[in-house]
Amino acid sequence: MASNPSLVCVDTASGKFQQKVRVGKHVFLADEPEPMGGSDSGPSPYDLLLAALGSCTSMTLKMYADRKGIPLQGVSIVLEHSREHVEDCRSCNNQDNRIDVIDRSIMLEGDLTEDQRQRLLEIADKCPVHRTLQNRIDIHTTEVRE
């Protein structure tokens, strides 16, 4: 099933939480950190989510800069996930009025004008993973029996 490069296959591995992840020809482990009961043998699920957003953002910025002739030499992104309690959360879809928050700090390297920097930050919000995370997401689950 993992021969299709658009499929991600996850199987339980050793340890309490360790998972074997296959994406096309790539194989790696996901796990929880030791304080959470895992063996810290790979990134956590939230680490992977942040990595997806960060790598997509960086790729999108580089692609845009190359296409527009902007002298962007490099991008460094630091991301952090947290949850915040919001007193008046009209758009929350949970009972305890908590929203997930991702803080993304972007460092742009290169001889860039202020206008170019501002435009690149606007483009960061247009990366496909960013758009996916901001959209309503429906997850369809089915059981497969052997």
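Scroll up to find the structure this text is about.
Okay, so let's go over this structure. Numbering of residues begins from 1 in every chain and follows the order in which that chain's sequence is written. Where local features are concerned, this predicted model is filtered to residues with pLDDT of at least 70; where side-chain atom pairs are given and counted, the filter is 80 or more; whole-chain, interface and lining totals use all residues. With hydrogens and water set aside, each side-chain value is computed from the structure's full complement of heavy atoms.

**Here we look at the packing of helix H1 (residues 45-68) against helix H2 (residues 114-124)**
1) Next: Only the stretch in contact is used when a helix axis is fitted, and all axes are lines through C-alpha atoms; the angle between N-to-C directions ranges over 0 to 180 degrees. For the purposes of this entry, the term helix denotes a DSSP run of H or I that reaches at least four residues, the term strand denotes a run of E that reaches at least two, and both are numbered from the N terminus. In contact at an axis separation of 9 Å, H1 and H2 are set at 135 degrees when each is read in the N-to-C sense. In terms of axis orientation, H1 runs oblique to H2. Note on packing geometry: the crossing formed by H1 with H2 is right-handed. Here Thr-57, Thr-60, Leu-61, Tyr-64 and Ala-65 of H1 come into contact with H2, specifically with Arg-119, Leu-120, Ile-123 and Ala-124.
2) Next: Each residue belonging to the contact of H1 with H2 can be placed in one class, and the counts come to 6 nonpolar, 2 polar and 1 charged. We call two directions roughly parallel when the angle between them is under 35 degrees, roughly antiparallel when it is over 145, roughly perpendicular when it lies between 65 and 115, and oblique otherwise. Put simply, a crossing is left-handed when the front helix is turned counterclockwise from the back one by less than a right angle, and right-handed when it is turned clockwise. The criterion used for residue contact is that any of the two residues' heavy atoms lie within 4.5 Å. When residues are sorted by character, Ala, Val, Leu, Ile, Met, Phe, Trp, Tyr, Cys and Pro go into the nonpolar class, Asp, Glu, Lys and Arg into the charged class, and all the rest, Gly among them, into the polar class.

**Re a nonpolar patch on the surface**
1) Next: Residues Tyr-46, Leu-49, Ile-102, Leu-133, Ile-137 and Ile-139 make up a contiguous nonpolar surface patch of about 520 Å² in total accessible area.
2) Next: Inspection of the secondary structure assignment puts Ile-137 in the segment after helix H3 (128-134).
3) Next: We call a residue buried when its accessible area falls under 20% of the maximum for its residue type, exposed when it is over 50%, and partly exposed in between, using a 1.4 Å probe and counting protein chains only. Assessed through its relative accessible area of 45%, Ile-137 is described here as partly exposed. Patch membership is restricted to residues that have no salt bridge and whose relative accessible area is over 30%. Joining uses 9 Å for like charges and 5 Å for the nonpolar side chains Val, Leu, Ile, Met, Phe, Trp and Tyr. Each accessible area is a Shrake-Rupley estimate made with a 1.4 Å probe; only the visible protein chains count as cover when residues are assessed. For this analysis, a salt bridge means a side-chain nitrogen from Lys or Arg found within 4 Å of a carboxyl oxygen belonging to Asp or Glu.

**Structural notes on the sheet that holds strand E3 (residues 26-30)**
1) Next: Paired strands are those between which DSSP finds at least two bridges. Strand order in this open sheet of 3 strands is E1-E2-E3, and the pairing throughout is antiparallel. The open sheet is flanked by strand E1 (8-12) and E3, the only strands paired with a single partner. Each strand of the sheet is rotated relative to its neighbour by a mean of 25 degrees, with strand direction disregarded.
2) Next: Across 5 bridges, strand E2 (residues 19-23) lies against E3 in antiparallel orientation. Following the sheet pairing, Lys-20 is matched in E3 by Leu-29.

**Describing the side chain of His-130**
1) Next: Mapped onto the elements, His-130 comes out in helix H3.
2) Next: Other than its neighbours up to four places away in sequence, His-130 contacts Leu-53, Arg-104, Ala-124 and Asp-125.

**Some points on H1**
1) Next: Any helix carries an expected span of 1.5 Å times its number of residues minus one. In this model, H1 (24 residues) spans 35 Å end to end at C-alpha, consistent with the 34 Å of a helix rising 1.5 Å per residue.
2) Next: Where the residues of H1 are buried, they touch strand E4 (74-85), strand E5 (98-109), H2 and H3.
3) Next: Positioned one or two residues after H1, Gly-69 has a phi angle of 70 degrees, which is positive.

**Describing unusual backbone geometry**
1) Next: Even without being glycine, Asp-40 reaches a positive phi, approximately 55 degrees.
2) Next: Here Asp-40 is to be found in the loop between E3 and H1.

**Thoughts on the pattern of salt bridges**
1) Next: Using the criterion set out here, one finds 7 salt bridges in the structure.
2) Next: The residue Arg-83 makes a salt bridge to Asp-100 at a minimum N-O spacing of 3.1 Å. Of this pair, Arg-83 sits in strand E4 while Asp-100 sits in strand E5, and the two are 17 residues apart along the sequence.

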